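Each chain, written out:
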Amino acid sequence: MSGLEAILNNPAYHDYLAILKGARNGFVYGVKVRFPHALIMAILFGRGDWRTRARAIYRATRQHALNLAKFVSLYKALLLVQKKINGGKERSFDTFIAGLIGGYVVFGDRNAVNEQIVLYVCSRVVASFLARAKSPYNMSSTASSGVRPLPPDATQFSIFAAICWGAVMWLFNERGETIQPGMFNSMTYLYRDSEHWNSLRTLLWHNK
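Residues numbered from 1 in each chain as written. Predicted model: local features only at pLDDT ≥ 70, side-chain atom pairs only at ≥ 80, totals over all residues. Heavy atoms only, no water.

Colleague: Mind laying out the packing of helix 6 (residues 154–174) against helix 7 (residues 181–192), listing which residues take part and the relevant values?
Modeller: At a closest axis distance of 11 Å, the pairing of helix 6 and helix 7 adopts a crossing angle of 90°. When the axis of helix 6 is compared with that of helix 7, the two are roughly perpendicular. Each of Trp 165, Val 168, Met 169, Phe 172 and Asn 173 in helix 6 lies in contact with helix 7, whose residues at this interface are Met 183, Phe 184, Met 187, Thr 188, Tyr 191 and Arg 192. The residue makeup of the contact of helix 6 with helix 7, split by class, is eight nonpolar, two polar and one charged. (Axes fitted to C-alpha atoms, helices over the stretch in contact; angles between N-to-C directions. Helix = DSSP H or I, 4+ residues; strand = E, 2+ residues; numbered from the N terminus. Parallel < 35°, antiparallel > 145°, perpendicular 65-115°, else oblique. Contact = heavy atoms within 4.5 Å. Nonpolar A, V, L, I, M, F, W, Y, C, P; charged D, E, K, R; others polar.)

Set out below in structure tokens:
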């Protein structure tokens, strides 16, 4: 295992292995976030028998986890490509470009799970423009109607998703203090914790 650990801790392979760990963290986080939500929604509002509800929980959890894994790995890969094109230098707007492309490719498909994720990201981006307080956060611990809501236009939603993800990735990297604490912690887990490991165990099995 010493040879393997030498490879895992070799700086020459760091950026490539960070893509792998980013995918791992994205998948794990997606399961942790979506499964409880899908379970509660199935209990409270689900239709059909429990086998049907279980399939719905599985589909929603699988989609959320895989999409987050795809986005984190694609985002990191795009950052690496831009860094290599720019002679090994990182630029401020690289994060926006990587988030923009990743958001369009992964979250641009209009469906219920993607809509929830994109709207969540959008709300955090909009909130980041509010003036900041002088003191930091305290980190301690269907009505009947004839109207039928319409989904957003598919093309416009894809563009909207791309802009939201591009913006939030740039904000996280350049103006992290403006990000809501819950999302900041989530993004730290996905994008920064995945830059660190010291063995195969902390690369794939445990985050730290």
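Colleague: Which residues make up the packing of aromatic side chains, and what are the values?
Modeller: In the structure shown here, the tally under the stated rule is nine aromatic pairs. For the ring pair Phe 71 and Phe 107, a centre distance of 5.7 Å and an interplane angle of 55° mean the geometry is tilted. Residue Phe 71 is found in helix 3 (residues 50–85), and its partner Phe 107 is found in helix 4 (residues 94–107); the two are separated by 36 residues along the sequence. Using a relative accessible area of 0% as the deciding quantity, one classes Phe 107 as buried. With 6.4 Å between their ring centres and 80° between their planes, Phe 71 and Tyr 191 make a pair best called edge-to-face. Here the two residues Phe 71 and Tyr 191 agree in accessibility, since each one is buried. The structure contains a cluster of three or more aromatic residues connected by ring pairs, namely Phe 71, Tyr 75, Phe 107, Trp 165, Phe 172, Phe 184 and Tyr 191. Positioned over the ring face of Trp 50 is Arg 53, at 4.7 Å from the centre of the ring. The ring of Phe 172 has Arg 192 sitting right over it, with the charged end atom 4.2 Å from the ring centre. (Phe/Tyr/Trp six-rings, centres within 6.5 Å; stacked < 30°, edge-to-face > 60°. Buried < 20%, exposed > 50% of the residue type's maximum accessible area, 1.4 Å probe, protein only. Lys NZ or Arg CZ within 6 Å of the ring centre and 35° of its normal.)

Colleague: Tell me what's going on with the confidence of the model for the chain, and back it up with residues and numbers.
Modeller: Low-confidence regions, as indicated by low pLDDT, have predicted coordinates that should not be scrutinised in detail. Taken as a whole, the chain shows an average pLDDT of 87; of its residues, 90% reach a score of 70 or greater. Here helix 1 (residues 2–8) is the element of the chain with the lowest mean pLDDT, 83, and helix 4 is the one with the highest, 96. (pLDDT = per-residue confidence, 0-100.)

Colleague: So what about the pattern of salt bridges? Which residues, and what values?
Modeller: With the rule as written, the count across this model stands at four salt bridges. For Lys 83, the salt bridge goes to Glu 90, with nearest N and O atoms at 3.9 Å. The partly exposed category is assigned to Lys 83, whose relative accessible area is 24%. Salt-bridge contacts for Asp 94 lead to Arg 91; the nearest nitrogen and oxygen are separated by 2.9 Å. On the basis of relative accessibility, which here comes to 30%, the residue Arg 91 falls in the partly exposed class. Residues joined in a network through salt bridges with shared partners are Asp 15, Lys 83 and Glu 90. (Salt bridge = Lys/Arg side-chain N within 4 Å of Asp/Glu carboxyl O.)

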